[in-house]
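Notes for the structure review
Here's the letter readout for the chains.
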Amino acid sequence: MNVGIIGAGFFGEKHAQALAHIDDLKLVAVCRTHAAEVHAFAARYGGTPYDDPHALLADPRVDAVVIATPHATHVALVEAAAASGKHVLLEKPMAPTREGCRRILAAVARARVTLRVGHVTQFSRAYRIAKEMLDAGELGDVVAGEATMRKRWYEPNRRPWHLDRALGGGVLLTGGVHAIDRLTWLVGARATRVSATVGTRFHDQDADDAAVIFIRYDNGAAGVVFSVGYASGAPRHDTELTCTRGVLRVDSVAGVTVGRDEAWHAVPDSGHPAWMDDALVEQWRAFVAAVAGRGGGVTGAFAMHVMDVLFAAEASAAAGREVDVVAD
């Protein structure tokens, strides 16, 4: 399968590096609106350079694209890709509005192309091991969970659009969506109601940088998500589930730890310092399987549910009360 990268920038480079490890995939085209930078990108990783995504989509060699562009551009680019008959791996978040998410799902259904969304944490070694343990019933039923995405917000790759919710910015859409995804995927149930506070506490910007979300699930479990982009602090990116037969703590770097009988027990070889690199390779392998009709990867339906939780959190914060998670 021949692949094009739309958004040959910071994270597009991560995808180019992952593609180099998969024999079934070949990078044939790359796109970025800055001509000099896309030519430099193509010199490093290969592929024909384009400074217009529609020109890349018109390239008959391209079978599939990864879209790693600013959040507000996702809808139009997926619609154009689908209309061109290209399969799509779309970086999270799906889109900044529910209407936009629904348009994406409609476009790929109409064109009968495959869509997968880049919730990459699901492909880290630690989270795959944790999910297997939960699905096998090793810890019983999930009672409650906590997922945290806490990081320094003003990183070098931060752009002006990140600081404006109207342009698809904010910590919740950029990072907190990962925590919602992790918790919901591990709980293995649909979220039904949400109560949240979402605000701006650390930076002068028109977007959130701090959110706490309480989620009820239809299997009786409950969870809390922390989405924080601090000005000064220390990072934390983990998930902990309290189950009827033990406690499960998951960190992509540190690995999986199980709490039983008043002690913590590490699962050997469950973490990885460079987990993101391996996870992106696994995500692409799942994408190949999905395009071939064998399943795999994060579906548009699941990604839509994650976004519905996020939108419900924003609605709850605005209304000052618990709200239902929209379900089609």
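Refer to the preceding data block for the structure.
Residues numbered from 1 in each chain as written. Predicted model: local features only at pLDDT ≥ 70, side-chain atom pairs only at ≥ 80, totals over all residues. Heavy atoms only, no water.

Turning our eyes to something else, we now look at the overall build of the chain. Of the regular secondary structure elements, the chain holds 9 helices and 15 strands. Rg of the C-alpha trace for the chain: 19 Å, near the compact-globule value of 20 Å for 328 residues, within the 12% margin. Looking at the chain residue by residue over its 328 residues, the buried ones come to 52%. Counted over contacts in the chain with a minimum sequence separation of 6, partners at least 24 positions apart contribute 67%. Side-chain charges of the chain comprise 34 positive and 38 negative groups, with the mean position of each set lying 2 Å from the other. (Helix = DSSP H or I, 4+ residues; strand = E, 2+ residues; numbered from the N terminus. Rg over C-alpha atoms; globule rule 2.2 N^0.38 Å. Buried < 20%, exposed > 50% of the residue type's maximum accessible area, 1.4 Å probe, protein only. Contact = heavy atoms within 4.5 Å. Lys, Arg positive; Asp, Glu negative; His and termini not counted. Charge placed at Lys NZ, Arg CZ, Asp CG, Glu CD.)

Below, the discussion takes up the sheet that holds strand β14 (residues 263-266). Strand order across the open sheet formed by 9 strands is β14-β13-β12-β11-β7-β10-β9-β8-β15, with mixed pairing between neighbours. The two strands at the open ends of the sheet, each matched to only one other strand, are β14 and β15 (323-324). Sheet topology places strand β13 (residues 255-260) next to β14; 4 bridges connect them, and they run antiparallel. What sits directly across from Thr257, in β14, is Ala266. Against the sheet, helix α6 (residues 125-135) makes contact with β7 (142-152), β11 (236-243), β12 (246-251) and β13, and its axis sits at roughly 160° relative to β12, the strand it touches most. (Pairing = 2+ DSSP bridges. Axes fitted to C-alpha atoms, helices over the stretch in contact; angles between N-to-C directions.)

With that settled, consider the sheet that holds strand β6 (residues 115-118). Sheet strands associate in pairs through backbone hydrogen bonding, adopting either a parallel or an antiparallel arrangement. Spatially, the 6 strands line up as an open sheet ordered β3-β2-β1-β4-β5-β6, and their pairing is parallel. Only two strands of the sheet have a single neighbouring strand rather than two, namely β3 (48-50) and β6. Between one strand axis and the next, the sheet turns through 20° on average, direction left out of account. Of the strand pairs in this sheet, strand β4 (residues 64-67) and strand β5 (residues 87-91) are connected by 4 bridges, and their pairing is parallel. Bridge pairing in β5 links Ile67 to Leu90. Docked against the sheet, helix α1 (residues 10-19) engages β1 (2-6), β2 (26-31), β4 and β5, running at close to 165° with respect to β1.

To continue, consider the pairing of β6. Residues Leu115 and Val117 point to one face of β6 and Arg116 and Gly118 to the other, with burial holding for every one of them. Summarising the sheet, β5 and β6 pair through 4 bridges and their orientation is parallel. What sits directly across from Glu91, in β6, is Gly118.

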